[in-house]
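Listed here are the chains, written in short residue letters.
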Amino acid sequence: MRKHSIYRKEINLKHQRQKKTAEVIKNIRKGGIAVYGAFVIGVTTIGKSVFDETLQFVRDARIDVLQVTKLTPLPGTRLWREMQIKDRIIDKDFPKAWDLYRFTKMVYEPAKMSIEDVYKGFTYLR
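In this text the structure is predicted, and so the values were computed from the model without any measurement.

Calculation criteria
- Residues numbered from 1 in each chain as written.
- Predicted model: local features only at pLDDT ≥ 70, side-chain atom pairs only at ≥ 80, totals over all residues.
- Heavy atoms only, no water.
- Salt bridge = Lys/Arg side-chain N within 4 Å of Asp/Glu carboxyl O.
- Helix = DSSP H or I, 4+ residues; strand = E, 2+ residues; numbered from the N terminus.
- Phe/Tyr/Trp six-rings, centres within 6.5 Å; stacked < 30°, edge-to-face > 60°.
- Buried < 20%, exposed > 50% of the residue type's maximum accessible area, 1.4 Å probe, protein only.
- Lys NZ or Arg CZ within 6 Å of the ring centre and 35° of its normal.
- Core = buried A, V, L, I, M, F, W, Y, C linked by side-chain atoms within 4.5 Å.
- Contact = heavy atoms within 4.5 Å.

Participant: Would you take a moment to explain the pattern of salt bridges for this structure?
Facilitator: Close approach of charged atoms lets side chains of opposite charge pair. This model, assessed by the stated rule, comprises 4 salt bridges. Ionic pairing is found between Asp 64 and Arg 29, a salt bridge with its closest N-O pair at 3.4 Å. Of this pair, Asp 64 sits in the loop between helix 3 (49-61) and strand 4 (65-70) while Arg 29 sits in helix 2 (residues 21-30), and the two are 35 residues apart along the sequence.

Participant: Teacher, can you tell me more about the packing of aromatic side chains here?
Facilitator: Aromatic ring pairs: the centre-centre distance and the angle between the two ring planes describe each pair. Enumeration according to the criterion identifies 3 aromatic pairs in this entry. Relative to Phe 57, the ring of Phe 39 lies with its centre 6.2 Å away and its plane at 70 degrees, an arrangement referred to as edge-to-face. Of the two residues, Phe 39 is situated in strand 3 (residues 36-41) and Phe 57 in helix 3; the sequence distance between them amounts to 18 residues. For Phe 39, a relative accessible area of 18% translates into the label buried. Under the relative-accessibility criterion, Phe 57 is labelled partly exposed at 27%. On the numbers, 5.9 Å between centres and 65 degrees between planes, the contact of Trp 80 with Tyr 101 is edge-to-face. Pair noted here: Trp 80 is in helix 4 (residues 78-85) and Tyr 101 is in the loop between helix 4 and helix 5 (115-125), with a separation of 21 residues, a long-range link. The pair formed by Trp 80 and Tyr 101 is uniform in burial state, with each residue classed as buried. Grouping aromatic residues by their ring pairs yields a cluster made of Trp 80, Trp 98 and Tyr 101. Taking NZ or CZ as reference, Lys 70 lies 3.2 Å from the ring centre of Phe 122, over its face.

Participant: I would appreciate a short explanation of the nonpolar core in the present structure.
Facilitator: Across soluble globular proteins, you tend to see nonpolar side chains buried next to one another. Ranked by internal contacts, the top residues of the largest apolar core, which has 20 residues, are Ile 41, Phe 51, Ile 89, Tyr 101, Tyr 108 and Leu 125. Residue assignment for this core shows that the elements contributing at least two residues are helix 3, helix 4 and helix 5. A per-element tally of this core places helix 5 first, with 4 residues. If we skip the residues at most four places from it in the chain, Leu 125 touches Ile 41, Phe 51, Thr 54, Leu 55, Leu 66 and Val 68. Core analysis: the second largest hydrophobic core is formed by 6 residues, Ile 25, Val 35, Phe 39 and Ala 61 among them.

Participant: What is the right way to read unusual backbone geometry from this model?
Facilitator: Excluding glycine, a negative phi dihedral is what most residues carry, and trans is how most peptide bonds are arranged. With phi around 55 degrees, Asp 87 is a residue other than glycine that occupies positive phi space. As for its placement among the helices and strands, Asp 87 is situated in the loop between helix 4 and helix 5. One non-glycine residue, Phe 103, lies in the positive phi region at around 70 degrees. As for its position among the elements, Phe 103 is in the loop between helix 4 and helix 5.

In short, geometric facts, not functional conclusions.
This is the structure:
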């Protein structure tokens, strides 16, 4: 298991490194279980190529249900504090701004793409 350095997401990369994820998904589906793929876009260290790569993975793995959300640095979290230090949080007017923090709105400036790129990529994937 490895933690994603930005938002400390625990992910198991064993199958990814072995390029066996599609095989694992195929076996899960053989057991009569649908595969729900949940993807977070807008990660600050990844560029626009992530949208094509994600869509290709979804197609290759034949994901049954797709959920796409935008990375949201929630107030009080480590990610929020890091983004605040870098002055990348867009609206800090709380509690009024709280309505924006719903995983579908961009509330920060990504480092390797524009906010518009994230919205276009979101639409592209959906």
